[in-house]
Amino acid sequence: MKTIIATCALISLIAVPCFSADDFKDVPKEHWAADSVRAVVDAGIMKGYPDDTYKGDKPVTRYELAAALQRMVEFIQGSQKPVATDKQETSVAPKYNWGKDSVAFLKINGFVSADSSLLKDATKPVSEKEMADALASVAAKLIENKVPAPESPDSSAVEN
């Protein structure tokens, strides 16, 4: 359920990785997306901008998408671990190039292909097709990592 909420919120409201959802100047409590914004902020997937805004109506850049996807992957993977394990902080500090680090995370871990548009022209806005491709690629890799490979026919054959 958490995965579905996070994915739906990511598709409809994407922003860069700073504050509680209630702190955004541009997201009033009565806004139709306020609950979704709060959910992705509370989950640590998105944090908004340093000027206390969310900018949900602004086109998303490839770096912003990469950062949100990295945080979504980390959230999903973290939710699959036992509660007793310590969560490792993997967010990128602002002094580093968070966009390049997020793109590298997605590429190195196989969440995006080497020819992904996220790897080129990082500050260019993401098209609908690029967003769909990136989400599909991340979802496919998460499923691949979670679902065991089928056994070969020889190893599962039963003699009669």
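Residues numbered from 1 in each chain as written. Predicted model: local features only at pLDDT ≥ 70, side-chain atom pairs only at ≥ 80, totals over all residues. Heavy atoms only, no water.

Engineer: What is the right way to look at the confidence of the model for the protein in this model?
Structural biologist: Parts of the prediction with low pLDDT should not have their coordinates interpreted in detail. Chain-level statistics for the protein give a pLDDT mean of 74 and a share of 68% at 70 or above. The low-confidence segment residues 83-95, where pLDDT is below 50, has six contacts with residues more than four positions distant or belonging to other chains. (pLDDT = per-residue confidence, 0-100. Contact = heavy atoms within 4.5 Å.)

Engineer: Is there a simple way to explain the packing of helix 3 (residues 62-79) against helix 4 (residues 98-108) in this structure?
Structural biologist: The relative placement of two packed helices comes down to the angle between their axes together with the axis-to-axis distance. One way to put it is that helix 3 packs onto helix 4 with a least axis distance of 8 Å and a crossing angle of 55 degrees. The angle between helix 3 and helix 4 falls in the class oblique. Between helix 3 and helix 4 the crossing geometry is left-handed. Of the residues in helix 4, those in contact with Tyr63, Glu64, Ala66, Ala67, Leu69, Gln70, Val73 and Glu74 of helix 3 are Trp98, Gly99, Lys100, Asp101, Ser102, Val103, Phe105 and Leu106. In the contact of helix 3 with helix 4, the residues fall into nine nonpolar, three polar and four charged. (Axes fitted to C-alpha atoms, helices over the stretch in contact; angles between N-to-C directions. Helix = DSSP H or I, 4+ residues; strand = E, 2+ residues; numbered from the N terminus. Parallel < 35°, antiparallel > 145°, perpendicular 65-115°, else oblique. Left-handed = near helix turned anticlockwise from the far one by under 90°. Nonpolar A, V, L, I, M, F, W, Y, C, P; charged D, E, K, R; others polar.)

Engineer: Is there a simple way to explain the nonpolar core in this structure?
Structural biologist: In a soluble, globular protein the nonpolar side chains are often hidden away together inside. Judged by nonpolar contacts, the single largest core of 33 residues is most densely connected at Leu65, Leu69, Leu106 and Val138. When residues in this core are grouped by element, the largest group, nine residues, is from helix 3. (Core = buried A, V, L, I, M, F, W, Y, C linked by side-chain atoms within 4.5 Å. Buried < 20%, exposed > 50% of the residue type's maximum accessible area, 1.4 Å probe, protein only.)

Engineer: Hey, could you run me through the pattern of salt bridges in this one?
Structural biologist: Proximity of charged atoms lets side chains of opposite charge pair with each other. Within this structure, the stated rule accounts for six salt bridges. Its salt-bridge partner being Arg38, residue Asp35 comes within 3.1 Å of it at the nearest N-O pair. Note that Asp35 and Arg38 are positioned in helix 2 (residues 34-42) at a spacing of three residues, about one turn of the helix. A salt bridge links Lys58 to Glu64; the nearest nitrogen and oxygen atoms lie 3.1 Å apart. Classification of Lys58 by relative accessible area gives partly exposed; the value is 30%. Assessed through its relative accessible area of 5%, Glu64 is described here as buried. (Salt bridge = Lys/Arg side-chain N within 4 Å of Asp/Glu carboxyl O.)

Engineer: How should unusual backbone geometry be read in this particular structure?
Structural biologist: What you tend to see is this: most non-glycine residues have negative phi, and most peptide bonds are trans. At Asp52, a position not held by glycine, the phi torsion is positive, near 65 degrees. Turning to its location among the elements, Asp52 is positioned in the loop between helix 2 and helix 3. Given a relative accessible area of 28%, Asp52 falls into the partly exposed group.

Engineer: Where do I start with helix 2 in this structure?
Structural biologist: Given 3.6 residues to a turn, an α-helix orients residues that are three or four positions apart in the same direction. Along helix 2, the positions that sit buried rather than exposed are Ala34, Val37, Val40 and Val41. Angular distribution of buried residues about the axis of helix 2 spans 135 degrees; they occupy a single face of the element. Across from the buried face of helix 2, at angles greater than 90 degrees, the exposed residues are Asp35 and Asp42. Remark: Gly44 follows helix 2 within two positions and exhibits a positive phi of approximately 85 degrees. (Arc of directions from axis to C-beta.)

Engineer: Please explain the packing of aromatic side chains as it appears in this structure.
Structural biologist: How two aromatic rings sit relative to each other is given by the distance of their centres and the angle of their planes. For the structure on display, the rule yields two aromatic pairs. Ring centres 5.3 Å apart and planes at 55 degrees place the aromatic pair Phe24 and Tyr54 in the tilted group. Of this pair, Phe24 sits in the loop between helix 1 (2-12) and helix 2 while Tyr54 sits in the loop between helix 2 and helix 3, placing them 30 residues apart in sequence. We classify Tyr54 as buried; its relative accessible area is 1%. For the pair Phe105 and Phe111, a centre-to-centre distance of 6.0 Å together with 15 degrees between the ring planes defines the contact as stacked. The same class applies to Phe105 as to Phe111, namely buried. The side chain of Lys55 reaches across the aromatic face of Tyr49, ending 4.5 Å from its centre. (Phe/Tyr/Trp six-rings, centres within 6.5 Å; stacked < 30°, edge-to-face > 60°. Lys NZ or Arg CZ within 6 Å of the ring centre and 35° of its normal.)

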